[in-house]
Amino acid sequence: MAKDFAWRQPPTEESVSRLVNFTDAVAGIAVTLLILPLLEIEPPEDGQTMWSVMSANSGLILAFLLSFVITLGYWRRHHRLMDGLQSFTPLLVAFNGAWLLALVFLQFPSEFLGRVGPEGGILTVYAGTLAAITWIGVVMAIYLRSKPDLLPPERRVEDVQIRWAAITGGYLTLTALVGLVAPEVGLWGLLGLIPLGWLESWQLARMPPPEGTPSAA
């Protein structure tokens, strides 16, 4: 079985660039798709204003903004994880494909969340998808940590990255479960991702640079 996840020849530098660029492109498309539900909103009719139309579709707009910020945050974390990638394995490609699949699927519950609201299991599917994206990222981080030849030493995956990703994954899993019994509470709970992201960025900024990192001129 292990032979199925081994290259006959190591990937070239161009192949590594294509993998990273493809991932960025899919993430960019996923962000762009979020706007599609808003494009279906009818323009103001006689006696209406743009503000009344936006107010009537506030759920869609808020779902768009929330999902845009979250998707951007996931891309940023993934970019930091893969930055400096110098090689890859078929197993890493499979993990990356699963991550992209979950990221693109997020657009499905995002639209329902904006049109219907969090009830009926919608929030659970939404938060559960976020949790899946996060946990796949945790697996990727652990895998990259176990394969030091895939990243240069100065780009190694830090324990704090894995720790914060796991904390976020646990928080989202809990939010998905809360959504089964108290969808409105779970929806507001998604705002907790903001301070979690700030705390993670703050702790990463305080860490000393890894050995081998060029000093600023």
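First, a word on scope: everything that follows refers to the structure included in this document. Keep in mind that this is a model prediction, so the values were computed, not measured.

1. Details of helix H4 (residues 58–82)
In step 1: Taking 1.5 Å per residue, 25 residues should reach 36 Å; H4 reaches 36 Å between its end C-alpha atoms and fits that length.
In step 2: Those residues of H4 that sit buried are Leu60, Ala63, Phe64, Ser67, Ile70, Thr71, Tyr74, His78, Leu81 and Met82.
In step 3: Backbone geometry just after H4 places glycine 84 at a positive phi near 85°.

2. Observations concerning the pattern of salt bridges
In step 1: For the structure on display, the rule yields five salt bridges.
In step 2: Its salt-bridge partner being aspartate 83, residue arginine 155 comes within 3.0 Å of it at the nearest N-O pair. Remark: aspartate 83 occurs in the loop between H4 and helix H5 (90–105) and arginine 155 occurs in the loop between helix H7 (122–146) and helix H8 (159–181); sequence separation between them is 72 residues.
In step 3: For aspartate 83, a relative accessible area of 27% corresponds to the partly exposed category.
In step 4: In this structure, arginine 156 and glutamate 158 form a salt bridge, with 3.5 Å as the shortest nitrogen-oxygen distance.
In step 5: Residue arginine 156 is classed as partly exposed on the basis of its relative accessible area, which comes to 37%.
In step 6: According to the relative accessible area criterion, glutamate 158 is buried, its value standing at 14%.
In step 7: One network of salt bridges, in which partners are shared, links Glu40, Glu111 and Arg115.

3. Comments concerning the nonpolar core
In step 1: One finds Tyr74, Leu85, Leu92, Trp99, Leu130, Leu144 and Leu190 to be the most contacted residues of the largest nonpolar core, which totals 40 residues.
In step 2: If you list the elements that add at least two residues to this core, you get helix H1 (13–33), H4, H5, H7 and H8.
In step 3: A per-element tally of this core places H7 first, with 13 residues.
In step 4: Leave out the neighbours within four places in its chain, and tryptophan 99 touches Thr23, Tyr74, Trp75, His78, Ile133, Ile136, Gly137 and Met140.

4. Details of a nonpolar patch on the surface
In step 1: A surface patch of nonpolar side chains, amounting to about 440 Å² of accessible area, comprises Ile29, Leu33, Leu36, Leu39 and Val104.
In step 2: Those elements that provide at least two residues to the nonpolar patch are H1 and helix H2 (36–39).
In step 3: Inspection of the secondary structure puts leucine 39 in helix H2.

Cut-off values and rules
- Residues numbered from 1 in each chain as written.
- Predicted model: local features only at pLDDT ≥ 70, side-chain atom pairs only at ≥ 80, totals over all residues.
- Heavy atoms only, no water.
- Helix = DSSP H or I, 4+ residues; strand = E, 2+ residues; numbered from the N terminus.
- Expected span 1.5 Å × (residues − 1).
- Buried < 20%, exposed > 50% of the residue type's maximum accessible area, 1.4 Å probe, protein only.
- Salt bridge = Lys/Arg side-chain N within 4 Å of Asp/Glu carboxyl O.
- Core = buried A, V, L, I, M, F, W, Y, C linked by side-chain atoms within 4.5 Å.
- Contact = heavy atoms within 4.5 Å.
- Patch = residues over 30% accessible without salt bridge, like charges linked within 9 Å, V, L, I, M, F, W, Y side chains within 5 Å.
- Areas by Shrake-Rupley, 256 points an atom, 1.4 Å probe, with all protein chains shown as cover.

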